[in-house]
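# Observations on the model geometry
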Amino acid sequence: MRTIELLAPAKDLTCGIEAINHGADAVYIGAPKFGARAAAGNSLEDISALCDYAHIYDARIYVALNTILKENELKEAELLIRQLYDAGTDALIIQDMGITRLDIPPIPLHASTQTDNRTPEKVKFLQNAGFTQVVLARELSLNQIRSIHEQTSVPLEVFVHGALCVSYSGQCYLSAALSGRSANRGECAQYCRLPYTLVDADGKIIANNKHLLSLRDMNRSENLEALIEAGASSFKIEGRLKDVSYVKNITAFYRKKLDDILSRHPEYRRASSGMSSFSFEPAVAKSFNRGFTPFLTEKRTDDITAFDTPKSLGEPIGTVKEIKGNSFTIAGLKQLNNGDGLAFFNSRGELEGFRVNRVDANRVFPLEMPALLPKTPIYRNFDQAFEKQLSKPSAERKLATYICFSDNSFGFSLEMSDETGAHILVTRPFEKEAARRDQQDNIRTQLSKLGNTPFETSEVEVNLSENWFVPSSLLADMRREGVEKLLACRRIRYRRELSKCTTNDTPYPEHSLTYLGNVANSLAEAFYKTHGVTQIAPAFELAPQKDVPLMFTKHCIRFSIKACPIFQKPTSVFKEPYYLLYKDTRLRLQFDCKNCQMLVYADNKQ
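Description of the structure in this document. (Residues numbered from 1 in each chain as written. Predicted model: local features only at pLDDT ≥ 70, side-chain atom pairs only at ≥ 80, totals over all residues. Heavy atoms only, no water.)

### Brief notes about the pattern of salt bridges
- For the coordinates displayed, the defined rule picks out 37 salt bridges.
- Note that K286 is salt-bridged to D383, the shortest N-O span being 2.5 Å. Of this pair, K286 sits in the loop between β13 (275-278) and β14 (292-293) while D383 is found in the loop between β20 (377-382) and α9 (384-390), placing the two residues 97 residues apart along the sequence. For the pair K286 and D383, one class covers both residues: buried. (Salt bridge = Lys/Arg side-chain N within 4 Å of Asp/Glu carboxyl O. Helix = DSSP H or I, 4+ residues; strand = E, 2+ residues; numbered from the N terminus. Buried < 20%, exposed > 50% of the residue type's maximum accessible area, 1.4 Å probe, protein only.)

### Digging into the pairing of strand β22 (residues 411-418)
- Most of β22 sits out of view: 7 of its 8 residues are buried.
- Judged from the 7 bridges that link them, β22 and strand β23 (residues 423-429) form a sheet pairing that is antiparallel. Bridge pairing links S413 to T427 in β23.
- Linking two consecutive strands that pair antiparallel, namely β22 and β23, is a turn of 4 residues; a positive phi of about 100° is found at G421 within it. (Pairing = 2+ DSSP bridges.)

### Quick notes on the sheet that holds strand β28 (residues 579-582)
- Ordered by their spatial adjacency, 6 strands build an open sheet running β9-β8-β28-β29-β30-β27, and the pairing between neighbours is antiparallel. Pairing within the sheet leaves two strands with one partner each, and these edge strands are β9 (205-210) and β27 (551-553). Direction aside, the axes of adjacent strands within the sheet are offset by 20° on average.
- For strand β29 (residues 585-592) and strand β30 (residues 597-602), the ladder comprises 6 bridges, and the chain directions are antiparallel. Bridging across to β30, D592 finds its partner in Q597. (Axes fitted to C-alpha atoms, helices over the stretch in contact; angles between N-to-C directions.)

### Re the nonpolar core
- Ranked by size, the top nonpolar core spans 104 residues in total, and within it L136, F235, Y254, F405 and Y528 carry the most contacts.
- Among the elements that take part in this core, helix α8 (residues 244-264) stands out by supplying 8 residues, more than any other.
- Setting aside residues no more than four positions away along its own chain, Y528 makes contact with M97, Y508, L513, G517, V519, V533 and I536.
- Ranked by size, the runner-up nonpolar core spans 41 residues in total, among them C192, L550, F552 and Y601. (Core = buried A, V, L, I, M, F, W, Y, C linked by side-chain atoms within 4.5 Å. Contact = heavy atoms within 4.5 Å.)

This is the structure we're talking about:
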């Protein structure tokens, strides 16, 4: 049976616990330092608490330590990894190969998407180098994922939901070059979300003040079964900076989707234990999104861009029908509520938001009336009623538990077994006496009161040789002791995977590395030399270079403006090269049609 994992993000302990409650098989969270989201670091104490909670359900905690490391940071990283291991961490997500040469415990290493995992050769190398899971590039198609799976045996992790970096991960130096804030160091300034003006070589404006490097958000919820068949085993939700309501909603949504698939495919099984129940109906459009794209096809499509805004659109709810004074009506079927946040694109093409003060049927009274026009599409990016549901406890995760109560020669016995086979026995001496009334119903009722514990009664069996009197207080005491013992048993039974990268001479797919190899310390350099790399350039962050590509992207602006010579019949009369302009920033575009990608350069010529 192949194990299928739902991997959810957590910016902090609260988000991590809710991800587990809402069905995650694993959670990834930032380390105190050296994570690719510098603003999402967590204390060792919180990571330890999250591990302790997750392991009750056989769920795993992966810690992101996926920046490149400078020479003077290696020892600190080594100590931190030991502390993370002692805290209960199940695996580290890393980018810097120098970590494999540190003196660290046998903690599994996952190759971050920052290591640019696009080819079977690269993934096979990482497998042979000792990595126990590989996070594939977001840009890969189903056929590319399938090809990698067919040539490797390492578990493959794929992103299924959330924000899309426009550049191949680990291959973006735009922020480092323009502001000194390196994406490979967790400090990306997100130049891709800025508004640019596109001009040609003669200065003619092609597009004005548009977010030309901003992509829609990923949503592969309709492709999960195909991804499993292609060989993916771990399904990752992006969002280590997202709030807890996003984590709850999106995790629950994908949990339900995967459970439906697993119920139809006995050859696959869940990666953790316990079932989650929800007090709300998950809906991805209600959480932060810039519009959606599966970003999964071989051929070029025009649905990946979010040129109009980098902000959350939310869900479309209809169009403006009639405007009257300080109110308007909406032609649509969505139920609106007081306090909802609505948005529309104004006459300048900008996303403008406003708050609903009152709703009367389909007539909306805004707090302040915006400049709307009839037939304007309206979006809801804050659903007051939905968010109110998510602000409360919205999920429970329970382990099915079998209970057997019986008598013995000196009193009574209580056995408890959960769905994973964990089993305990509680015995109590008690002077037995015959009861006047039948005790079976009360025994079952009292023992089923598992309340705010990880357990839920699936069956209570009562085996008494006679109808003995059993006080409710005794049943409650034995039940409490049984729950404590069963929890302790689960913790004892939990086994972390142990793995250590061993030095070998598996050849790296290339003999030389440019700045794109992101080698920032002597241990990383030694790693690649051991694997046959003879020429190694320093990372861009150590030795910034002029006139080199700062971004490699599957997104192509030439395609977006209908000027692609491969997939379209260009009618454009604009002269290349094209430039992106934002204040003092000037970026030059180059189109690599052979590899179907766009390259972005800094250009200081005005």
